[in-house]
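# A look at the structure
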Amino acid sequence: CSASGPPPPPPIMVRGGGDSGAGPPERLFARGRRDWRQEGNRLFQAGDYAAALPPNTRAWSLCAGPPEAPVLHATGPPATLKLVSGGRAPGPWRAIEADGHDVKALFRRSQALQKLGRLDQAVYDLRRCVSLEPRNKAFQEALHDLGSSMQEKMKFMSCTDSKVEQMFQILLDPKETDTDKKQKAAQNLIVLAREEAGAEKIFQSDGVRLLLRMLDTGREDVMLAALRTLAGLCSGHRSRTMAILAELGAPRVSAMLGVEHKQVSLAACNLLQVMFDALKEGLQRDFRGKEEALVLDPSKELKLLIGHLLEMLNREGTSAHGRDNTLNLLIKVVPRKSLRDPNNSLTLWVIDQGLKKILEVGGTVCEAPDSLTVTENSRMSAAILLSRLYSDLKCDAERENFHRLCEDYVRSWFEGHGLAGKLRAIQTASCLLQGPSEAGNQVLELEGIMESVLALCASVREVDQLVAVEALIHAADKAKRASFITANGVTLLKNIYKCSGRDSIRIRALVGLCKLGSAGGTDFSMKQFAEGSTLKLAKQCRKWLCNEAIDAGTRRWAVEGLAYLTFDADVKEEFVEDKAAVQAMFQLAKSEDRSVLFAVASTLVNCTNSYDHKEPDPQMLELAKYAKQHVPERHPKDEPGCVRRRVRKLLAAGVVSALTCMVKSENPVLTNSCRELISRVFLAVVEEAADRGSVVAQGGGKALIPLSLEGTEVGQAKAAQALAKITITSNPDMAFPGERIYEVVRPLVSLLHLHRTGLENFEGLMALTNLAGISERLRQKILKEKAVPMIEGYMFEEHELLRLAATECMCNMAMSTEVQELFLAEGSDRLKLLVLYSGEDDEKLRRAASGTLAMLTSVLPQICGKVTQVTAHWLEILQALLLSPNVELQHRGTVIVLNMMAADREIAAKLMESEMLEILSVLAKEERNKPRVAQAAKECLAQAVAYGLIKPNVNGE
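Residues numbered from 1 in each chain as written. Predicted model: local features only at pLDDT ≥ 70, side-chain atom pairs only at ≥ 80, totals over all residues. Heavy atoms only, no water.

For the protein, mean pLDDT is 81; residues scoring 70 or higher make up 81% of the total. Across residues 282–296, confidence stays below pLDDT 50; counting only partners more than four residues off in sequence or on other chains, it has 25 contacts. (pLDDT = per-residue confidence, 0-100. Contact = heavy atoms within 4.5 Å.)

Take the packing of aromatic side chains next. With the rule as written, the count across this model stands at two aromatic pairs. In this structure, Arg424 is placed above the aromatic ring of Trp413, and the distance from its NZ or CZ to the ring centre is 4.5 Å. In this structure, Arg777 packs its charged tip against the face of Tyr742, placed 3.9 Å from the ring centre. (Phe/Tyr/Trp six-rings, centres within 6.5 Å; stacked < 30°, edge-to-face > 60°. Lys NZ or Arg CZ within 6 Å of the ring centre and 35° of its normal.)

With that out of the way, let us pick up unusual backbone geometry. Even without glycine at this site, Asn609 takes up a positive phi of about 50°. Here Asn609 shows up in the loop between helix H34 (597–608) and helix H35 (618–626). Here the phi dihedral of Lys786 falls at roughly 60°; this positive angle occurs in a residue that is not glycine. Residue position: Lys786 is located in the loop between helix H46 (776–784) and helix H47 (788–795). (Helix = DSSP H or I, 4+ residues; strand = E, 2+ residues; numbered from the N terminus.)

Right, let's get into the nonpolar core. Within the largest apolar cluster, 265 residues are counted, with the highest numbers of intra-cluster contacts made by Met214, Leu545, Ile678 and Phe682. In this structure Phe682 touches Val656, Leu659, Thr660, Val663, Val695, Gly700, Ala703, Leu704, Leu707 and Ala722, once residues within four positions along its chain are discounted. The next biggest cluster of nonpolar side chains, apart from the first, holds seven residues, and it includes Leu113, Leu119, Leu126 and Ala142. (Core = buried A, V, L, I, M, F, W, Y, C linked by side-chain atoms within 4.5 Å. Buried < 20%, exposed > 50% of the residue type's maximum accessible area, 1.4 Å probe, protein only.)

What follows deals with the packing of helix H38 (residues 672–685) against helix H41 (residues 713–729). Packing of H38 against H41 brings their axes to within 8 Å, and their N-to-C directions diverge by 25°. When the axes of H38 and H41 are compared, the pair comes out roughly parallel. When the axes of H38 and H41 are compared, the crossing they make is left-handed. Counted together, Glu676, Ser679, Arg680, Phe682 and Leu683 of H38 and Val714, Gly715, Lys718, Ala719, Gln721, Ala722 and Lys725 of H41 form the full contact between these two elements. Within the contact of H38 with H41, the residues separate by chemical class into five nonpolar, three polar and four charged. (Axes fitted to C-alpha atoms, helices over the stretch in contact; angles between N-to-C directions. Parallel < 35°, antiparallel > 145°, perpendicular 65-115°, else oblique. Left-handed = near helix turned anticlockwise from the far one by under 90°. Nonpolar A, V, L, I, M, F, W, Y, C, P; charged D, E, K, R; others polar.)

All right, on to helix H30 (residues 533–546) then. A rise of 1.5 Å per residue sets the reference length of H30, with its 14 residues, at 20 Å; its end C-alpha atoms lie 20 Å apart and thus fit the reference within 8%. Along H30, the residues classified as buried are Thr534, Leu537, Ala538, Gln540, Cys541, Arg542, Trp544 and Leu545. (Expected span 1.5 Å × (residues − 1).)

This paragraph deals with helix H21 (residues 378–391). In this model H21 runs 20 Å from its N-terminal to its C-terminal C-alpha over 14 residues, within 8% of the 20 Å that 1.5 Å per residue would give. A large share of H21 lies buried, amounting to 11 of its 14 residues. Of the residues making up H21, those classed as buried are Ser378, Arg379, Met380, Ser381, Ala382, Ala383, Ile384, Leu385, Leu386, Leu389 and Tyr390. Of the surrounding secondary structure, the elements contacted by the buried residues of H21 are helix H19 (320–333), helix H20 (345–362), helix H22 (396–414), helix H23 (418–434), helix H24 (437–444) and helix H26 (462–475).

Along the chain, Thr852 falls in helix H51 (residues 843–859). Classification of Thr852 by relative accessible area gives buried; the value is 0%. Contact partners of Thr852, with chain neighbours within four places excluded, come to Thr807, Met810, Cys811, Ala814 and Leu834.

Considering all chains together, one arrives at zero disulfides under this definition. Just so you know, Cys811 is unpaired, no disulfide at all, and the nearest cysteine sulfur is the one on Cys809, 9.7 Å from it. (Disulfide = S-S within 2.5 Å.)

Moving on, we come to the pattern of salt bridges. Within this structure, the stated rule accounts for 36 salt bridges. Arg680 is the partner of Glu676 in a salt bridge, and the nearest nitrogen-oxygen pair spans 3.1 Å. With a gap of four residues between them, Glu676 and Arg680 both fall in helix H38, about one helical turn apart. Classification of Glu676 by relative accessible area gives buried; the value is 16%. Measuring nitrogen to oxygen at the nearest pair gives 2.6 Å for the salt bridge that ties Glu763 to Lys725. Highlighted residues: Glu763 in helix H45 (residues 758–772) and Lys725 in helix H41, separated in sequence by 38 residues. For Glu763, a relative accessible area of 8% gives the class buried. By relative accessible area, which is 4% here, Lys725 ends up buried. Via salt bridges that share partners, Lys572, Glu573, Asp638 and Arg646 belong to a single interconnected network. (Salt bridge = Lys/Arg side-chain N within 4 Å of Asp/Glu carboxyl O.)

Further remarks concern the side chain of Thr807. Mapped onto the fold, Thr807 is located in helix H48 (residues 800–813). Taking relative accessible area as the criterion, Thr807 reaches 0% and is therefore assigned buried. Of the polar contacts made by the side chain of Thr807, one reaches the backbone oxygen of Arg803; its length is 2.8 Å. Dropping the residues within four chain positions of it, Thr807 is found in contact with Met795, Tyr837, Leu845, Ala848, Ala849 and Thr852. (Polar contact = N/O pair within 3.5 Å; in protein donor to acceptor, adjacent residues only side chain to side chain.)

So, on to the environment of Gln587. Looking at where Gln587 falls in the secondary structure, it is placed in helix H33 (residues 579–589). Separated by 71 residues in the primary sequence, Gln587 and Ala658 have C-alpha atoms spaced 7.6 Å apart.

So, on to the environment of Val656. Its place among the elements puts Val656 in helix H37 (residues 655–664). Val656 has contacts with Leu651, Phe682, Val695, Gln698 and Gly700, leaving out every residue within four places of it along the chain.

This next bit is on the environment of Leu565. Within the fold, Leu565 resides in helix H31 (residues 552–565). A residue is classified by how much of its surface remains accessible, and Leu565, at 2% relative accessible area, is buried. The spatial distance from the C-alpha of Leu565 to the C-alpha of Ala538 is 6.5 Å, given a sequence separation of 27 residues. Aside from chain neighbours lying at most four places away, what touches Leu565 is Cys514, Thr534, Leu537, Ala538, Cys541 and Val571.

This is the structure in structure tokens:
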């Protein structure tokens with residue numbers, strides 16, 4: 001029985017003979033109990049609290065029954081109170097278990113709980129004491145004192161100063177061995193730094209110096225806590241960032257990127273990015289004026305930081321992942337975020353000061369002596385950075401300078417450094433071809449470069465062949481150069497593929513052949529190789545892809561080959577049938593080697609035919625044939641039925657899980673182009689309504705939201721359309737739980753813009769209709785995104801489906817007060833359009849318009865008068881609604897008539913003077929077949945009777 005519940009019933013006592021007293025056994029039992037109790041009291045009075053506890057406990061255990069047990073148990077706690085500080089708190093309080101109304105035991109327990117620091121439970125016991133004995137001043141004073149103690153403790157605990165001091169003491173104490181305690185202190189410090197008040201308190205409390213001490217400890221967990229706390233202090237605060245940077249020093253912050261510990265390097269990367277954002281964008285809060293007075297121009301600090309980052313790229317002690325983090329950070333902070341910003345001076349400065357350092361990373365040959373330590377992602381990251389810098393240039397003069405610097409760097413290695421220099425020059429050219437291809441193509445045109453590439457393909461050294469074959473693959477992107485390589489290098493690649501004993505070389509040669517063999521793209525009539533050759537190449541790619549004995553970096557090239565070969569429909573069919581190969585590709589997509597993402601996405605786009613293709617005009621086809629021009633042909637296996645079968649097989653193999661994992665990558669390798677490809681695949685897999693549930697269940701809905709908000713315009717549109725399809729056929733609350741449902745609104749509204757296709761407009765309107773019917777908060781979100789004017793615009797569309805979807809969306813939006821008020825605006829045709837649509841031939845359109853009208857007339861009585869003014873045919877339209885064979889339309893019509901009659905007697909008189917009276921009288925008798933319609937019709941007639949416009953019959957009808 002719990003202490004707060006009713007006392008348990010007394011046990012049944014069996015007494016013999018008529019002896020009303022306790023027998024000898026009971027007396028002996030009582031004497032033993034008294035002895036233990038007296039012994040405990042004697043020791044307690046002598047101050048030996050530890051020795052007093054066992055006798056008291058023994059006395060409790062000898063309780064005979066309820067009448068005396070509570071009295072005995074209530075005397076036990078005093079001995080235990082003195083032991084609380086040593087952590088020896090008493091066990092269950094048997095007196096309270098025996099009698100929940102024992103105030104003495106409750107009071108003693110509250111004292112023990114106070115000593116234990118469990119003040120909330122102590123207050124509960126004291127309140128029960130006061131409720132049992134309201135006039136007991138001792139209980140009242142104790143409760144008052146305890147309340148004051150709790151307030152003081154809460155005030156102390158909430159004091160930020162004490163919090164900060166305690167956390168730093170725990171983290172900096174070398175004798176502290178409690179790991180959980182230190183982790184909790186670190187987490188609390190990080191959380192505190194993310195709040196402005198907490199961040200300022202840490203900063204003002206000499207926190208930066210203490211954080212530097214934490215960095216000096218060399219312990220990874222403490223360093224991580226310090227770096228993450230510093231990131232919180234710098235976030236959105238320019239002056240604080242400047243002060244921390246001055247205290248910490250740019251070289252030290254940059255050097256943290258190059259440490260061997262991956263998590264520390266990532267935390268340092270995040271801190272630097274926060275610093276860059278704070279310096280570039282300044283304070284984002286209300287006290288900007290104060291900030292601008294403190295910090296005028298952060299450009300010096302920006303260049304100082306970036307300069308140190310550039311030095312990190314070719315510094316010997318920098319770790320491989322630290323070098324990757326540095327490249328990724330430069331990608332994020334150097335180029336302009338918007339081309340509308342006219343200032344690209346930072347990009348120009350980085351090109352002048354650090355382009356050669358970036359090229360050095362991109363041109364690193366891992367097997368060469370004294371080469372930089374890099375990962376499998378480093379060259380791709382360097383290529384992306386070079387591409388971003390090149391795209392950020394504004395004029396031809398800036399681009400010419402970029403080309404000149406690249407050519408000078410490649411030429412400096414190609415000439416005068418022997419074979420090692422040539423390898424580095426060709427590797428640099430490969431990096432440029434993967435990034436700013438225009439610069440890469442110009443480098444390839446330098447004298448001797450292509451000849452050296454072809455010559456090194458025949459080298460006996462593996463490293464020479466690796467570098468040369470990769471360069472050949474990247475060089476084949478342009479049709480002009482592809483034809484040159486087809487004429488000069490195909491035979492060489494075939495020989496390498498057949499004769500080389502190294503899989504790493506053969507697979508690259510195979511990819512080169514795949515790339516050249518797919519030069520015709522999806523055009524069935526343009527094939528570079530003989531019939532069946534591409535199938536053989538694809539079969540070998542699948543074989544290597546499934547061979548787990550080969551390292552992931554080499555298997556990645558098999559996916560590269562399939563990305564080219566899957567332009568062929570026969571290859572697509574064979575690939576999706578090979579479930580092991582498909583799943584092996586998905587496993588690579590989930591691996592740490594992010595450079596495979598684009599190849600995986602390209603392969604999936606090819607298999608799902610999710611690229612854009614327009615059906616040619618038949619007349620133009622005939623004209624092209626007459627002029628003997630080439631006409632593209634579609635493969636029979638690329639027909640819609642075949643594509644749907646391939647999509648279903650990919651779904652069964654786990655394509656959604658792979659795509660979701662790919663989207664989660666924060667690596668720059670996930671470029672906007674790659675995001676667009678993933679969006680296209682998502683749109684293809686949600687094409688069939690039956691597949692959308694499984695897509696959502698595997699996280700597809702969540703993954704589509706960032707895709708719809710970032711990336712290329714086409715990619716965002718594809719992702720938004722996929723979101724719309726899911727929202728139309730799924731329960732939005734289930735598909736996008738919690739706050740995620742509000743993130744879906746903006747992508748859906750983007751589908752309403754005029755430059756979108758009619759299908760995108762339609763699906764966007766349908767999805768918004770579903771969302772608008774869920775809650776007022778969602779309707780407010782749609783209003784905030786300024787979707788209502790666009791919805792209204794589509795209500796005037798000539799296309800029937802668009803007009804219907806817009807009207808249905810407006811019907812749900814009209815539940816919002818702001819939208820309702822729009823229909824009262826003078827000079828607006830909104831109400832007139834609804835009335836006219838209520839009389840259209842399209843039954844669905846009539847239902848949506850009349851539903852909106854019924855809602856508006858019920859909440860805005862003044863609308864009722866306007867209905868009679870917007871068109872002379874209003875009465876005919878209402879009568880047609882009531883006479884419709886569709887029960888829903890009849891019900892909407894009767895509700896509108898009822899609202900109008902209730903709003904104004906004159907309107908009611910007009911209605912009763914017409915044929916409406918006869919129609920309502922007939923409908924009022926349809927109780928069995930149309931109960932809702934009959935009820936509304938009766939209410940209309942009752943209102944007319946109340947106005948005195950009609951009189952009931954003798955029988956009351």
